[in-house]
Amino acid sequence: MNKYELPSVPYSYDALEPHIDAKTMEIHHTKHHQTYTNNLNAAIEKCSQDIQNKDVTEILSNLDQVPVELRGAINFNGGGFDNHRIFWNNLSPNGGGEPGGSISDAINSSFESFANFKEKFSAATIAIQGSGWGWLVYNPSSRKVEYKSMPNQTSPRTEGLVPLLGCDVWEHAYYLKYQNKRPDYVNAWWNLINWDDVSSRFDKVRS
Ligand code: MN3
């Protein structure tokens, strides 16, 4: 079977300072992401060979094919595994600013302007009740990019959407530095976005 390993973070834990602090990064990666990875493996181990041979992205896109007693565990831990590996790569010490190219055109087409997109994304993500994620996704049906809030670790893939850019608003993502000030964390997060990564996800899914 596929045994999932904790994906590496493509920069050092202190590289995103001052926006995201090193201690938060270290705990987030080595404890939280590791736990989703371990629990995903434990759940996949109980699945049929057929499911074990699929990639987690495909499993999340077809959760109805997972035995009902394992579906909750795979939704949560498979989502946690996949969401965080996107999250690390969505960020960069040299990030921020505005995108260019085809992703910029797609954002303008769906949200009128980058400023509108940013405002809508921030407001909706800050408003998520409890733990969850704010996402910029590609919708293959409409062939447009959209904003989508998802609860807990549930992946946008479970709704047929392709995640492009995700903001983790679980308290574990920001509480050491920002405590209850989720808006400050979300505002700081924009300074880290690796638009090359977001663009390449978008270009891949459209081709
Ligand atoms: Mn997290």
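From a predicted model like this one, the values you see are computed outputs, not experimental measurements.

**What about the packing of helix α1 (residues 22-44) against helix α4 (residues 68-90)?**
Turning to step 1, where the next piece is worked out: Two elements in contact, α1 and α4, have axes separated by 8 Å at closest approach and are oriented at 140°. Considering only the axes of α1 and α4, their crossing is left-handed. Between α1 and α4, the contacting residues are M25, H28, H29, H33, T35, Y36, T37, N39, L40, A43 and I44 on the first element and L70, A73, I74, F76, N77, G78, G80, F81, H84, R85, F87 and W88 on the second.
Turning to step 2, where the next piece is worked out: Considered class by class, the residues forming the contact of α1 with α4 number 12 nonpolar, 10 polar and 1 charged.

**So, the domain arrangement of the protein chain**
Turning to step 1, where the next piece is worked out: Assigned domains within the protein chain: domain 1 (22-90) and domain 2 (101-206).
Turning to step 2, where the next piece is worked out: The junction of domain 1 with domain 2 conceals about 1,900 Å² of combined surface from both sides, 55% of it contributed by carbon and sulfur atoms.
Turning to step 3, where the next piece is worked out: When the buried area of domain 1 at its contact with domain 2 is split by residue, N83, F87 and N90 rank highest and sum to 33% of it.
Turning to step 4, where the next piece is worked out: R157 is the salt-bridge partner of D82, the closest N and O atoms lying 2.7 Å from each other.
Turning to step 5, where the next piece is worked out: Summed over the shared surface of domain 1 and domain 2, the number is 12 residue pairs in polar contact (both at pLDDT 80 or more).
Turning to step 6, where the next piece is worked out: Listing elements by their share of the side of domain 1 that touches domain 2, those giving two or more residues are α1, α3 (56-61) and α4.
Turning to step 7, where the next piece is worked out: If you tally residues by element for the side of domain 1 that touches domain 2, the top one is α4, at 12 residues.
Turning to step 8, where the next piece is worked out: Its residues placed into classes, the side of domain 1 that touches domain 2 shows 7 nonpolar, 12 polar and 3 charged.

**Notes on unusual backbone geometry**
Turning to step 1, where the next piece is worked out: Between E17 and the following residue, P18, the backbone shows a cis peptide bond with an omega angle of 0°.
Turning to step 2, where the next piece is worked out: Residue placement: P18 occurs in the segment before α1.
Turning to step 3, where the next piece is worked out: We note that R143 has phi near 60°; this positive angle belongs to a residue other than glycine.
Turning to step 4, where the next piece is worked out: Taking the relative accessible area as the measure of exposure, R143 reaches 60% and is therefore exposed.
Turning to step 5, where the next piece is worked out: Despite not being glycine, Q179 has its phi angle at roughly 45°, a positive value.
Turning to step 6, where the next piece is worked out: One can find Q179 in the loop between α7 (175-178) and α8 (182-189).

**Focus on the layout of surface pockets**
Turning to step 1, where the next piece is worked out: Quantified by volume, the largest pocket comes out at close to 200 Å³.
Turning to step 2, where the next piece is worked out: What lines the largest pocket is simply D82, R85, I86, N89, R157, V162, P163, R201, K204 and V205.
Turning to step 3, where the next piece is worked out: Those elements that provide at least two residues to the lining of the largest pocket are α4, β3 (162-168) and α9 (195-206).
Turning to step 4, where the next piece is worked out: If one sorts the elements of the lining of the largest pocket by residue count, α4 sits on top with 4 residues.
Turning to step 5, where the next piece is worked out: In the lining of the largest pocket, the residues fall into 4 nonpolar, 1 polar and 5 charged.
Turning to step 6, where the next piece is worked out: Here the lining of the largest pocket gathers at least three residues from each of two domains, domain 1 (22-90) and domain 2 (101-206).

Analysis parameters
Residues numbered from 1 in each chain as written. Predicted model: local features only at pLDDT ≥ 70, side-chain atom pairs only at ≥ 80, totals over all residues. Heavy atoms only, no water. Axes fitted to C-alpha atoms, helices over the stretch in contact; angles between N-to-C directions. Helix = DSSP H or I, 4+ residues; strand = E, 2+ residues; numbered from the N terminus. Left-handed = near helix turned anticlockwise from the far one by under 90°. Contact = heavy atoms within 4.5 Å. Nonpolar A, V, L, I, M, F, W, Y, C, P; charged D, E, K, R; others polar. Domains from an automatic or database assignment. Buried area = accessible area lost by both parts, 1.4 Å probe. Salt bridge = Lys/Arg side-chain N within 4 Å of Asp/Glu carboxyl O. Polar contact = N/O pair within 3.5 Å; in protein donor to acceptor, adjacent residues only side chain to side chain. Buried < 20%, exposed > 50% of the residue type's maximum accessible area, 1.4 Å probe, protein only. 1 Å grid on protein atoms, 1.4 Å probe; cavity = no way out; pocket = protein on both sides within 12 Å on 5 of 7 lines; lining within 4 Å. Points joined across faces, edges and corners; volume = space filled by probe spheres on them.

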